[in-house]
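As a plain string of letters, each chain reads:
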Protein chains: 2
Amino acid sequence: MRHIISVLVRNHPGVLSHVVGLFTRRSYNIESLAAGVTEHPEITRITIVVTGDEHVLDQVMKQVNKLVDVLKVGDLKYRQAITRELAIITVKAGPKSRHEVIEIANVFGAKVVDMSEDTITLELSGTERALQNMVRLLNPFSIEEMARTGTIALSMKSSEQ
Amino acid sequence: MRHIISVLVRNHPGVLSHVVGLFTRRSYNIESLAAGVTEHPEITRITIVVTGDEHVLDQVMKQVNKLVDVLKVGDLKYRQAITRELAIITVKAGPKSRHEVIEIANVFGAKVVDMSEDTITLELSGTERALQNMVRLLNPFSIEEMARTGTIALSMKSSEQ
């Protein structure tokens, strides 16, 4: 099963490496990882998407929890979480095919952030599925480069009530 | 100085941990990290924002380059790169202050992705500065939770021509 693990850590060098190490030491496959500061600049939130055995995951989470600089570890359920990711994608598109790419971008609510004679660069944030769908439609134009953030997640407040 | 390091790796367990380890072993401070699949599903792009000594960074990048599963390491210059990040932010706001938060969201082009009786959750993608500016304006409402992806970057094609 797929899990979104959210880890709050103090911004000390090495903590990210330790957390990641605990997952990969058990051959746990990390699908994506995002680490960025939170509302408190001295605290970083690491969001890790992993797939694998529940029992092993429980053990790994306990080990992560024991690290000195780890403040909190949680397993966010997909159904009760708001999950988003971001991609910037450079597509081959010259004057003739440009409008088709822009049409796709508009449908998905993506922004055009750069354009050259033979490329267009788009920015899209949304659910993983929305990103995958747009990428599939862009594939025929040949994707030159793509950078993706990995998933971030927060608990959904409206479902708690 | 601040650098955006882009590392293309094969999706093998352990590679993320090795790459991160090489940075933190030299006490290099990782400000943010984003790892997500690229246009080739078997290849992941790791984007790391670091600050520190250029000479040490050169050495670290050479070491990263020697790892078996690392395909490419690059130092993207801020001026010639498109950089974006994503945040989801839950703000305390009931019926009375809701419209103020939504007004701020509209100005920055953020989307409202969830709402409860006393909270609003916003999604914003943009430059680091845009995110910081919106966060500053939201601070008076009390930020309950925030998740940020860290920066992703691609080279700016329009500046190459």
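As the structure is a computational prediction, the values presented were derived from the model and not from experiment.

Attention shifts here to the overall build of chain A. Broken down by element type, chain A carries four helices and nine strands. Listed by position from the N terminus, the elements making up chain A come as β-α-β-β-α-β-β-α-β-β-α-β-β. Projected onto the principal axes, the alpha-carbon positions of chain A cover approximately 55 × 40 × 30 Å. Taking all 161 residues of chain A together, 54% fall into the buried category. Nonlocal contacts in chain A, meaning residues at least 24 apart in sequence, comprise 71% of its contacts between residues at least 6 apart. As displayed, chain A offers around 7,500 Å² of accessible surface, 51% of which is attributable to carbon and sulfur atoms. Averaging the positions of the 19 positive and the 19 negative side-chain charges in chain A gives two centres separated by 6 Å.

So, on to the interface of chain B and chain A. On the chain A side, the residues contacting the 52 residues of chain B number 52 residues. Of the roughly 4,700 Å² buried where chain B meets chain A, counting both sides, 59% is carbon and sulfur surface. Of all residues in chain B, B:Ile152, B:Leu154 and B:Lys157 bury the most surface against chain A, accounting for 13% of the area lost on that side. In this structure, the connection of chain B to chain A is made through six salt bridges. For B:Lys157, the salt bridge is made with A:Glu144, and the minimal N-O distance between the two is 2.9 Å. At the surface where chain B touches chain A, the tally comes to 16 residue pairs in polar contact (both at pLDDT 80 or more). Those elements that provide at least two residues to the side of chain B that touches chain A are helix 1 (15–25), strand 2 (29–37), strand 5 (81–92), strand 6 (111–115), strand 7 (119–126), strand 8 (143–148) and strand 9 (152–155) of chain B.

The next point concerns the pairing of strand 3 (residues 43–51) of chain A. Residue and element names in this part refer to chain A. Among the nine residues in strand 3, eight count as buried, and that is most of the element. Across nine bridges, strand 1 (residues 2–10) lies against strand 3 in antiparallel orientation. Bridging across to strand 3, Arg-10 finds its partner in Ile-43. Taken together, the eight bridges between strand 2 (residues 29–37) and strand 3 define a ladder with antiparallel strand orientation. Following the sheet pairing, Val-37 is matched in strand 3 by Thr-44. Between strand 2 and strand 3, which follow one another and run antiparallel, lie five residues.

Residues and elements named next belong to chain A. A full pass over the atoms with the stated rule returns 18 salt bridges over all chains. Taking the shortest distance from any N to any O, the salt bridge between Glu-31 and Arg-2 comes out at 3.0 Å. Note that Glu-31 is positioned in strand 2 and Arg-2 in strand 1, a separation of 29 residues in sequence. Assessed through its relative accessible area of 26%, Arg-2 is described here as partly exposed.

Moving on, we get to the relation of the copies chain B and chain A. At an RMSD of 0.0 Å, chain B and chain A line up after a rotation of 180° and a shift of 0.0 Å along the axis. Here the copies are linked by what is in effect a two-fold axis. When each C-alpha of chain B is compared by its distance to the rotation axis, B:Ala34 comes out closest, at 2.3 Å. Both copies present the same face, since 100% of the interface residues in chain B are matched by interface residues at the equivalent positions in chain A.

In helix packing, the relevant descriptors are the interaxial angle and the interaxial distance, both defined with respect to the helix axes. All names here are of chain A. Two elements in contact, helix 3 (residues 98–108) and helix 4 (residues 128–138), have axes whose closest approach is 10 Å; the angle formed by their N-to-C orientations is 165°. In terms of their interaxial angle, helix 3 and helix 4 are classed as roughly antiparallel. The handedness of the crossing between helix 3 and helix 4 is right-handed. Contacts between helix 3 and helix 4 involve Val-101, Ile-104, Ala-105 and Phe-108 from the first element and Ala-130, Asn-133, Met-134, Leu-137 and Leu-138 from the second. For the contact of helix 3 with helix 4, the per-class residue count stands at eight nonpolar, one polar and no charged.

Before going further, it helps to spend a moment on the sheet that holds strand 2 of chain A. What holds strands together in a sheet is hydrogen bonding between their backbones, with the strands either parallel or antiparallel. If you trace the eight strands from one edge of the open sheet to the other, you get 4(A)-1(A)-3(A)-2(A)-2(B)-3(B)-1(B)-4(B), paired in antiparallel fashion. Here the strands that pair on one side only, and so sit at the sheet edges, are strand 4 (70–76) of chain A together with strand 4 (70–76) of chain B. Taken over all neighbouring pairs, the strand axes of this sheet differ in orientation by 20° on average, direction set aside. Note: strand 2 of chain A against strand 2 of chain B, three bridges, orientation antiparallel. By the bridge assignment for strand 2 of chain B, A:Ala35 is matched with B:Leu33. Taken strand by strand, helix 1 (residues 15–25) of chain A contacts strand 1, strand 2, strand 3 and strand 4 of chain A together with strand 2 of chain B, and its axis lies near 165° from that of strand 2 of chain A. Along the sheet face, helix 2 (residues 54–66) of chain A touches strand 1, strand 3 and strand 4 of chain A and points at about 160° away from the line of strand 4 of chain A.

Quick notes on the rules
Residues numbered from 1 in each chain as written. Chains lettered and ligands numbered in written order. Predicted model: local features only at pLDDT ≥ 70, side-chain atom pairs only at ≥ 80, totals over all residues. Heavy atoms only, no water. Helix = DSSP H or I, 4+ residues; strand = E, 2+ residues; numbered from the N terminus. Buried < 20%, exposed > 50% of the residue type's maximum accessible area, 1.4 Å probe, protein only. Contact = heavy atoms within 4.5 Å. Areas by Shrake-Rupley, 256 points an atom, 1.4 Å probe, with all protein chains shown as cover. Lys, Arg positive; Asp, Glu negative; His and termini not counted. Charge placed at Lys NZ, Arg CZ, Asp CG, Glu CD. Buried area = accessible area lost by both parts, 1.4 Å probe. Salt bridge = Lys/Arg side-chain N within 4 Å of Asp/Glu carboxyl O. Polar contact = N/O pair within 3.5 Å; in protein donor to acceptor, adjacent residues only side chain to side chain. Pairing = 2+ DSSP bridges. Least-squares fit on C-alpha atoms with pLDDT ≥ 70 in both. Axes fitted to C-alpha atoms, helices over the stretch in contact; angles between N-to-C directions. Parallel < 35°, antiparallel > 145°, perpendicular 65-115°, else oblique. Left-handed = near helix turned anticlockwise from the far one by under 90°. Nonpolar A, V, L, I, M, F, W, Y, C, P; charged D, E, K, R; others polar.

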